[in-house]
Amino acid sequence: AVHIGNPKTLEFQVARTALLPGLLKTVQANRNMPLPLKIFEISDVVLKDGGTEVGARNERHLSALFYNKSSGFEIIHGLLDRVMQLLEVPLSADKSSNGYFLRSSEDPTYFNGRAAEIVAYGQVIGHLGVLHPEVITGFDLNLPCSALEINIEPFL
């Protein structure tokens, strides 16, 4: 976490380093709404960066979450494909640095074997997958979720 020096209120002592926890809190507060729940957020996150004057930098992220009786991985993957199409980033069939592709990853946030890194032009820009059951139950949720979070700063 990135701590803020001299915050105006106690509520703003820590800046967000990821959007996904906020989406999970939103689903938690709205879990009695009709299914499926499909939510997204585009906002800045703060990351530690010793190379800057203030020791941190902002990045614009896009995060989306699908909550339903089935995980909906294909829906989140389809959303990623559409976002990349709108950003005019082509799918790289040969996994070169000419576009974007998915690469299997091991991330404790996601279910083992159901997670991927999103690589665009040779750089990892985010992750997507089916959330791990411990993450879901940590937010008092009981149905599967799929989510993605990407850094859209390079495309703006």
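Conventions we followed
Residues numbered from 1 in each chain as written. Predicted model: local features only at pLDDT ≥ 70, side-chain atom pairs only at ≥ 80, totals over all residues. Heavy atoms only, no water. Helix = DSSP H or I, 4+ residues; strand = E, 2+ residues; numbered from the N terminus. Buried < 20%, exposed > 50% of the residue type's maximum accessible area, 1.4 Å probe, protein only. Contact = heavy atoms within 4.5 Å. Areas by Shrake-Rupley, 256 points an atom, 1.4 Å probe, with all protein chains shown as cover. Lys, Arg positive; Asp, Glu negative; His and termini not counted. Charge placed at Lys NZ, Arg CZ, Asp CG, Glu CD. Pairing = 2+ DSSP bridges. Phe/Tyr/Trp six-rings, centres within 6.5 Å; stacked < 30°, edge-to-face > 60°. Lys NZ or Arg CZ within 6 Å of the ring centre and 35° of its normal. Polar contact = N/O pair within 3.5 Å; in protein donor to acceptor, adjacent residues only side chain to side chain. Arc of directions from axis to C-beta. Expected span 1.5 Å × (residues − 1).

1. Quick look at the overall build of the protein
So, point 1. When helices and strands are tallied, the protein shows three helices and eight strands.
So, point 2. Principal-axis analysis of the C-alpha atoms places the extent of the protein at approximately 45 × 40 × 25 Å.
So, point 3. In the protein, which comprises 156 residues, the proportion classed as buried is 37%.
So, point 4. Sequence-distant contacts, at least 24 apart, represent 52% of the contacts inside the protein between residues at least 6 apart.
So, point 5. Carbon together with sulfur atoms contributes 53% to the accessible area of the protein, which is approximately 9,300 Å² in total.
So, point 6. With 13 positive and 17 negative side-chain charges, the protein shows a spacing of 5 Å between the two charge centroids.

2. As for the pairing of strand 6 (residues 110–120)
So, point 1. Direction of pairing for strand 5 (residues 100–104) relative to strand 6: antiparallel, over a ladder of five bridges. Within strand 6, the residue paired with leucine 102 across the bridge is isoleucine 118.
So, point 2. Connecting strand 5 to the next strand, strand 6, in antiparallel fashion are five residues.
So, point 3. Here strand 6 pairs with strand 7 (residues 123–131) via seven bridges, running antiparallel. The residue bridging alanine 116 from the neighbouring strand is leucine 128, located in strand 7.
So, point 4. Where strand 6 hands over to strand 7, the hairpin turn is made up of two residues, of which tyrosine 121 adopts a positive phi near 50°.

3. Digging into the packing of aromatic side chains
So, point 1. The final tally for this structure, using the stated rule, is zero aromatic pairs.
So, point 2. For arginine 114, the ring lying beneath its charged end belongs to phenylalanine 73, and the centroid distance is 5.2 Å.

4. Looking at the side chain of asparagine 151
So, point 1. Along the chain, the position of asparagine 151 falls in strand 8 (residues 145–151).
So, point 2. For asparagine 151, a relative accessible area of 11% puts it in the buried group.
So, point 3. In this structure the side chain of asparagine 151 is engaged in a polar contact, spanning 2.9 Å, whose partner is the backbone nitrogen of glutamate 153.

5. Some words on helix 1 (residues 20–29)
So, point 1. Turning to helix 1, its buried residues number three or more, namely Leu20, Leu23, Leu24 and Val27. Here the buried residues of helix 1 occupy an arc of 100° about the axis, which is enough to place them on one side. Every exposed residue of helix 1 that faces more than 90 degrees away from the buried side is listed here: Lys25 and Ala29.
So, point 2. Tucked inside the fold, the buried residues of helix 1 contact strand 3 (37–48), strand 4 (56–67), strand 6, strand 7, helix 3 (133–138) and strand 8.

6. Concerning helix 2 (residues 73–86)
So, point 1. With 14 residues, helix 2 extends 20 Å from end C-alpha to end C-alpha; this agrees with the ideal 20 Å at 1.5 Å per step.
So, point 2. Restricting attention to buried positions, one finds in helix 2 the residues Ile76, Leu80, Val83 and Met84. Down the axis of helix 2, the sector holding all buried residues measures 95°, keeping them to one side. Looking at helix 2, the residues exposed on the side facing more than 90 degrees away from the buried face are Glu74, Gln85 and Leu86.

7. Description of the environment of arginine 16
So, point 1. Relative to the elements of secondary structure, arginine 16 occurs in the loop between strand 2 (14–15) and helix 1.
So, point 2. Expressed as a C-alpha distance, the spacing of arginine 16 and valine 45, which sit 29 residues apart in the sequence, is 5.3 Å.
So, point 3. With near-sequence residues (within four places) excluded, arginine 16 lies in contact with Glu41, Ser43, Asp44, Val45 and Val46.
So, point 4. A polar atom in the side chain of arginine 16 sits 3.3 Å from the side chain of serine 43.

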